[in-house]
Amino acid sequence: MATRSSSLVIAAALGVTIWFAPADAGEPCCNITAIDAKAQVVSARDTKTRRTFQFRVADLAALRALRVGQAVHADFTTMKVSVKPDGIEPCCGIVNLSAPAAIR
């Protein structure tokens with residue numbers, strides 16, 4: 001019985017470790033193409049699909065720190081963007097999304 005209890009404790013500890021471990025967001029997918037500071041909207045393009053999108057940046061300090069050409073992470077499933085290099089912490093919501101560009 002002690003072996004089963006030990007196994008459960010180890011499994012629970014492993015589950016907690018996996019649950020709280022930061023996810024690896026990988027390489028950024030997109031680059032900023034334009035910044036509308038007045039509207040607080042940033043335009044970007046997915047480098048693989050050429051899909052364009054806009055995201056709103058509510059934090060003015062974060063908005064001022066962004067630059068055209070800067071790489072960003074976008075998750076088109078959750079409609080969130082991260083401007084952090086690790087891509088883990090999303091800051092902004094996608095407000096407009098185009099269809100992927102046709103590949104010629």
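Values in this document were obtained by computation on a predicted structure and should not be read as measured data. (Residues numbered from 1 in each chain as written. Predicted model: local features only at pLDDT ≥ 70, side-chain atom pairs only at ≥ 80, totals over all residues. Heavy atoms only, no water.)

**Q** What am I meant to see in the environment of Thr78 here?
**A** When you line up the elements, Thr78 lands in the loop between β4 (71-75) and β5 (80-82). A relative accessible area of 45% places Thr78 in the partly exposed class. Sequence separation between Thr78 and Ile94 is 16 residues; the distance between their C-alpha atoms is 8.9 Å. (Helix = DSSP H or I, 4+ residues; strand = E, 2+ residues; numbered from the N terminus. Buried < 20%, exposed > 50% of the residue type's maximum accessible area, 1.4 Å probe, protein only.)

**Q** Just checking my understanding: could you explain the state of the cysteines for this structure?
**A** Here a disulfide denotes a covalent bond joining the sulfur atom of one cysteine to the sulfur atom of another. Taken as a whole and judged by the stated rule, the model has two disulfides. Here Cys29 engages in a disulfide with Cys30; their sulfurs sit 2.3 Å apart. Judged by the sign of its S-S torsion, about -85°, the bond between Cys29 and Cys30 is left-handed. Note on Cys29: relative accessible area 19%, which makes it buried. (Disulfide = S-S within 2.5 Å.)

**Q** Honestly, the side chain of Ser43 in this entry has me stumped. Any pointers?
**A** Residue placement: Ser43 occurs in strand β2 (residues 41-46). Each residue touching Ser43, except ones within four places of it in the same chain, is listed here: Asn31, Ile32, Thr33, Ala34, Phe53 and Gln54. (Contact = heavy atoms within 4.5 Å.)

**Q** Sorry, what's going on with the sheet that holds strand β1 (residues 30-36) here?
**A** Through backbone hydrogen bonds, the strands of a sheet pair up, either in parallel or in antiparallel fashion. Pairing within the closed barrel is antiparallel, and its six strands lie in the order β1-β2-β3-β6-β5-β4. For this sheet, the mean angle separating the axes of adjacent strands, direction not counted, is 45°. Bridge count for β4 against β5 is three bridges, and the pairing is antiparallel. Looking at β5, one finds that His73 is bridged to Ser82. (Pairing = 2+ DSSP bridges. Axes fitted to C-alpha atoms, helices over the stretch in contact; angles between N-to-C directions.)

**Q** Sorry, what's going on with the nonpolar core here?
**A** Nonpolar side chains tend to gather and get buried jointly when the protein is soluble and globular. Counting residues in each nonpolar core, the largest one holds 16 residues, and the members touching the most others are Phe53, Phe55, Leu66 and Val81. If near-sequence neighbours (up to four positions away) are discounted, Val81 is found in contact with Phe53, Phe55, Val72, His73, Ala74, Pro90, Cys91, Cys92 and Ile94. (Core = buried A, V, L, I, M, F, W, Y, C linked by side-chain atoms within 4.5 Å.)

**Q** Hey, could you run me through the side chain of Arg51 in this one?
**A** When you line up the elements, Arg51 lands in the loop between β2 and β3 (52-56). Buried within the structure, Arg51 lacks any salt-bridge partner; Asp46 is the closest side chain of opposite charge, at an N-O distance of 6.1 Å. If we skip the residues at most four places from it in the chain, Arg51 touches Ala44, Arg45, Asp46, Phe76, Leu97, Ser98, Ala99, Pro100 and Ala101. (Lys, Arg positive; Asp, Glu negative; His and termini not counted. Salt bridge = Lys/Arg side-chain N within 4 Å of Asp/Glu carboxyl O.)

**Q** How do you make sense of unusual backbone geometry when you look at a structure like this?
**A** Most peptide bonds take the trans form, and the phi angle of most residues other than glycine is negative. If you check the backbone angles, Arg50 has positive phi at about 65° while not being a glycine. On the secondary structure map, Arg50 appears in the loop between β2 and β3. Here Met79, not a glycine, exhibits a phi torsion of approximately 60°, which is positive. Along the chain, the position of Met79 falls in the loop between β4 and β5. Accessibility expressed as a relative area gives 30% for Met79, which makes it partly exposed.

No statement about biological role is implied by the geometric values presented.
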